[in-house]
Amino acid sequence: MRIAASCLALVLGVCTVQQVHAENMYGLKQGKLELKSISTMSFGPDGILFVGDAQNAKVVALDPKDVQRGPLTAPEIPAIDAKIAEILKVKPEAVQILDLTVNPLTGKVFLAVAAAKQAPRILKINGGGVVELDLNNVAFSEVTLPNPAEDKLVKQGQRQRNNRTSAITNMKWVEGRLLVSGLTSEKAASNVWSLQFPFDSVDPGTTVEFYHAAHGRTEDYAPIRTFVPFVIDGKPNLLAGFVCTPLVKIPLESLKSTENERSKVVGTTVAELGNRNQPLDLIVYKQGGKDFLLLTNSARGVMKISTDGIAENSGLVAPVGGGGTAGQSFETISELNGTIQLDKISDAQAAVLLKRENGTVDFRIVELP
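Every value quoted in this text rests on a predicted model; they were computed, and no experiment measured them. (Residues numbered from 1 in each chain as written. Predicted model: local features only at pLDDT ≥ 70, side-chain atom pairs only at ≥ 80, totals over all residues. Heavy atoms only, no water.)

Participant: Tell me what's going on with the overall build of the protein chain, and back it up with residues and numbers.
Facilitator: Looking only at helices and strands, the protein chain features 3 helices and 30 strands. Here the C-alpha atoms of the protein chain give a radius of gyration of 20 Å, agreeing with the 21 Å that 2.2 N^0.38 yields for 369 residues. For the C-alpha atoms alone, the extent of the protein chain along its principal axes is close to 65 × 50 × 45 Å. Looking at the protein chain residue by residue over its 369 residues, the buried ones come to 53%. Looking at the protein chain as shown, the accessible area adds up to about 16900 Å², and 49% of this sits on carbon and sulfur atoms. Treating the 38 positive side-chain charges of the protein chain as one cloud and the 39 negative ones as another, the clouds have centres 4 Å apart. (Helix = DSSP H or I, 4+ residues; strand = E, 2+ residues; numbered from the N terminus. Rg over C-alpha atoms; globule rule 2.2 N^0.38 Å. Buried < 20%, exposed > 50% of the residue type's maximum accessible area, 1.4 Å probe, protein only. Areas by Shrake-Rupley, 256 points an atom, 1.4 Å probe, with all protein chains shown as cover. Lys, Arg positive; Asp, Glu negative; His and termini not counted. Charge placed at Lys NZ, Arg CZ, Asp CG, Glu CD.)

So, in structure tokens, the structure goes:
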């Protein structure tokens, strides 16, 4: 009776119990969501989808109305970029697939996509097809990050770059809070924000410093590109991948900024995975009683990384030159060559997007190696 009173439209089948729950519990309001960009997506509690809009320096929480397990996603959708192109009304080569994420409640796969001169869109793989979320009428809330990287071109070496595109690089729901990695406008730019949800406030974040073995120096200006939570000796940590390609462990308890002051953490570099490369997606899974990481990269394929001895790994302290590797051992999974997006479905399976030599993008559900 209480639910019916708060949502009379139930009688007409317009509103669900889950919608009432999300709007009331998390302060979501129905309306039109306008995004300038989507740099990353990740699911949180009760099927809430978090979206990082780096251009706006905003994190958005929305209700995708996806809380019940239904028919399984098709194990393979060849040339999914062509299906996306039909929705965007562009040619397949104009499609930009920005991110892929899996709803752990339902196993359903969501994509962030865009094309030139269009606002980014969010799609859901529904069986063997692709459907669009209606962002013109969605329950959402949003928060602006303090002190994001400035929206302007800056010179870095021989190149110019707009660091605002890296204001939000990755997000994960960890231990009851949303952790967001990205760049601030400070000289020590690498940052992790901790957000309470519902979005009541945002702390100024924690500067992340680490030893970059491929460069032979300590750095605090490169953003985390991808990270996962991982328990080491009973304590929660983050395992974070940076460009060029150090893997760094960061104790979760060290992310302790105050309301008005950034804190600082010095991470432990547990692996150097090779230079001239950008990590794209990172998952952790259990196989044969052991934990493994699976990391997909822009230039070095997909790596299955062992976590054996990671608790005792005191970190790299000497340069690793010539594109070499050191630290945690790994193997490259040739069967997954061409993977550009990856997320975990279970300890047995992952959803991947693979780019073929002709440029076509296929969607697959694969067995974890």
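Participant: Can you break down the sheet that holds strand β8 (residues 121–126) residue by residue, with the values?
Facilitator: Read from one edge to the other, the open sheet built from 4 strands follows the order β6-β7-β8-β9, with strand pairing classed as antiparallel. Two strands lie at the open edges of the sheet, namely β6 (96–102) and β9 (129–132), each paired on one side alone. Between one strand axis and the next, the sheet turns through 30 degrees on average, direction left out of account. Sheet analysis places strand β7 (residues 109–114) next to β8, joined by 5 bridges and oriented antiparallel. Along β8, the bridge assignment pairs A112 with I122. (Pairing = 2+ DSSP bridges. Axes fitted to C-alpha atoms, helices over the stretch in contact; angles between N-to-C directions.)

Participant: Describe in detail the nonpolar core, supporting the description with residues and values.
Facilitator: I80, I84, L100, V109, L111, L353 and F363 are the most contacted members of the largest nonpolar core, which has 22 residues in total. Counting residues per element, this core draws most heavily on helix α3 (residues 80–88), which supplies 5 residues. The residues touching L353, leaving out its near neighbours within four places in the chain, are I80, I97, L100, L111, G338, T339, I340, Q341, V361, D362 and F363. If you look at the next biggest cluster of nonpolar residues, it comprises 20 residues, including Y26, A54, L145 and A167. (Core = buried A, V, L, I, M, F, W, Y, C linked by side-chain atoms within 4.5 Å. Contact = heavy atoms within 4.5 Å.)

Participant: How would you summarise the sheet that holds strand β5 (residues 76–77) if you had to cite specific residues and measurements?
Facilitator: Spatially, 4 strands are ordered β5-β30-β29-β28 in an open sheet, and the strand pairing comes out antiparallel. Of all the strands in the sheet, just β5 and β28 (339–344) have a single pairing partner and so form its edges. Bridge analysis of strand β29 (residues 349–355) against strand β30 (residues 361–367) gives 7 bridges, and the strand direction is antiparallel. From the neighbouring strand, L354 faces β30, where its bridge partner is D362. Taken strand by strand, α3 contacts β5, β29 and β30, and its axis lies near 130 degrees from that of β30.

Participant: Can you explain the packing of aromatic side chains? Please cite residues and give values.
Facilitator: The final tally for this structure, using the stated rule, is 9 aromatic pairs. Judged by centre distance (5.3 Å) and plane angle (65 degrees), the rings of F43 and F110 are edge-to-face. Residue F43 is located in strand β2 (residues 40–43), and its partner F110 is located in strand β7; the two are separated by 67 residues in the primary sequence. Its relative accessible area of 0% is what places F110 among the buried residues. Ring geometry for F197 and F199: centres 5.0 Å apart, planes at 65 degrees, overall edge-to-face. Among the aromatic residues, ring-to-ring pairing joins Y26, F50, W173, F197 and F199 into one connected group. Sitting over the ring of F227, K172 keeps its end group 5.4 Å from the ring centre. Cation over ring: K304 sits above F292, and NZ or CZ is 4.4 Å from the ring centre. (Phe/Tyr/Trp six-rings, centres within 6.5 Å; stacked < 30°, edge-to-face > 60°. Lys NZ or Arg CZ within 6 Å of the ring centre and 35° of its normal.)

Participant: Residue-level account of the side chain of T269, with values.
Facilitator: Along the chain, the position of T269 falls in strand β22 (residues 268–272). T269 sits in the buried class, given a relative accessible area of 2%. In terms of polar contacts, T269 uses its side chain to reach the backbone carbonyl oxygen of Y211, at 2.6 Å. (Polar contact = N/O pair within 3.5 Å; in protein donor to acceptor, adjacent residues only side chain to side chain.)

Participant: Account for the pairing of β30, naming residues and giving values.
Facilitator: Examined bridge by bridge, β5 and β30 share 2 bridges and lie antiparallel to one another. Across the sheet, E76 pairs through a bridge with R364, a residue of β30. Between the antiparallel neighbours β29 and β30 lie 5 residues, among them G359 with a positive phi of about 95 degrees.

Participant: Explain the confidence of the model for the protein chain to me, using residue names and the numbers behind them.
Facilitator: Across the protein chain, the average pLDDT comes to 92, with 93% of residues at or above 70. A low-confidence stretch, residues 1–15 stays under pLDDT 50, and its non-local contacts, those more than four residues away or across chains, total 13 contacts. (pLDDT = per-residue confidence, 0-100.)

Participant: How would you explain the pairing of β7 if you had to name every residue and give the values?
Facilitator: Each regular strand carries side chains that alternate between the two faces of the sheet. Extensive coverage of β7 is indicated by the burial of 6 of its 6 residues. Residues V109, L111 and V113 point to one face of β7 and F110, A112 and A114 to the other, with burial holding for every one of them. As defined by bridge partners, β6 adjoins β7 across 6 bridges and the pair is classed as antiparallel. When the sheet's bridge partners are listed, L100 is paired in β7 with L111. In sequence, β6 turns back onto β7 through a hairpin of 6 residues, with G107 there showing a positive phi of about 75 degrees. Hairpin connection from β7 to β8: 6 residues lie between these consecutive antiparallel strands, with K117 at a positive phi of about 65 degrees.

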